[in-house]
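Results of the structural survey
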Amino acid sequence: MASIKPYQFEPESDPENFNEDERAEPVQERRLNDVSEWCTCNNCAKMPIEEENICCKEIQKVVKRMMEVPDPPKCMVEHPGFEPNCLNPYTLQNINNIYRADYGPVRRRNEEERFRYLAYRSFVSWCWGYLGRSVRVVIPSCVVNRIRLQFPDPAGQYVGFRPPLD
Ligand SMILES: [Zn+2]
Ligand SMILES: [Zn+2]
């Protein structure tokens, strides 16, 4: 007789959300608390998925990058390398080429989503040192939100010229 399995939480698959597998301790329901309970960079926002509620100041690899700057920024999005690595569309055009050579084309619903995906990949590559497709790390809330602001979702929103990704 088959045993009855308890309910198992399985988050919906979302290419934009990375799963953490190196977090030291589980985080307790941050979604339910005020952002100020866990964010010390002042740029994070509440995220719908529990594990995405993490501040740049909590991730060792990210903090390491910040500390390399002579006058360390208060938040990763203020790092002088953030814009050139994660928001500059020509960087992302190049990341797209590098990624595609190894893993094939980035398939996403629209161009903004592809730019966002490449921006997350570029961020991971910059901080963690690899650009793999199956890389699973959590990107801090402040960084996710800054990238979303740069490459917003609503169709038809004017965002200025961007180079083609193909
Ligand atoms: Zn924060
Ligand atoms: Zn931050």
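Preceding this paragraph is the structure being described.
Heads up: these notes are all about the structure in this document. (Residues numbered from 1 in each chain as written. Chains lettered and ligands numbered in written order. Predicted model: local features only at pLDDT ≥ 70, side-chain atom pairs only at ≥ 80, totals over all residues. Heavy atoms only, no water.)

1. Focus on the coordination of the zinc ion (ligand 2)
So the rule is basically this: Water is absent from the atoms considered, so a metal site may look incomplete; donors are defined as N, O and S atoms within 2.8 Å of the metal, or 3.2 Å for Na, K and Ca. Here the metal geometry follows the donor angles, with tetrahedral for four donors whose angles all fall between 85 and 135 degrees, square planar for four and octahedral for six when opposite donors are more than 155 degrees apart and every other angle is between 65 and 115, and irregular for all the rest. Secondary structure follows DSSP: runs of H or I at least 4 residues long count as helices, runs of E at least 2 residues long count as strands, and numbering of each begins at the N terminus. Think of it in three bands: residues with accessible area under 20% of the maximum for their type are buried, residues over 50% are exposed, and the middle band is partly exposed, with areas taken using a 1.4 Å probe on protein chains only.
Protein coordination of the zinc ion (ligand 2) is provided by C41 (SG), C56 (SG), C75 (SG) and C142 (SG), with donor distances spanning 2.3 to 2.4 Å. Geometry at the zinc ion (ligand 2) is tetrahedral, judged from the 4 donor atoms that bind it and their angles of 100 to 117 degrees at the metal. One chain supplies every donor for the zinc ion (ligand 2), spaced along it as C-x14-C-x18-C-x66-C. Here the zinc ion (ligand 2) and the zinc ion (ligand 1) are spaced 3.8 Å apart, with C41 acting as a shared donor. Taken together, the residues C41 in the segment before α1 (60-67) and C142 in helix α5 (residues 141-150) connect sequence positions 101 residues apart. C142 matches C41 in its accessibility class, with the two residues each being buried.

2. Section: the side chain of R30
This is how the line gets drawn: In the analysis that follows, any N or O atom pair within 3.5 Å is treated as a polar contact, provided that within protein one partner can donate a hydrogen and the other can accept it, and provided that, for residues neighboring in sequence, both atoms belong to side chains.
Among the secondary structure elements, R30 is positioned in the segment before α1. Looking at R30, the relative accessible area reads 13%, which means it is buried. Separated by 2.9 Å, the side chain of R30 and the backbone oxygen of N53 make a polar contact. A distance of 2.7 Å separates a polar atom in the side chain of R30 from a polar atom in the side chain of E58.

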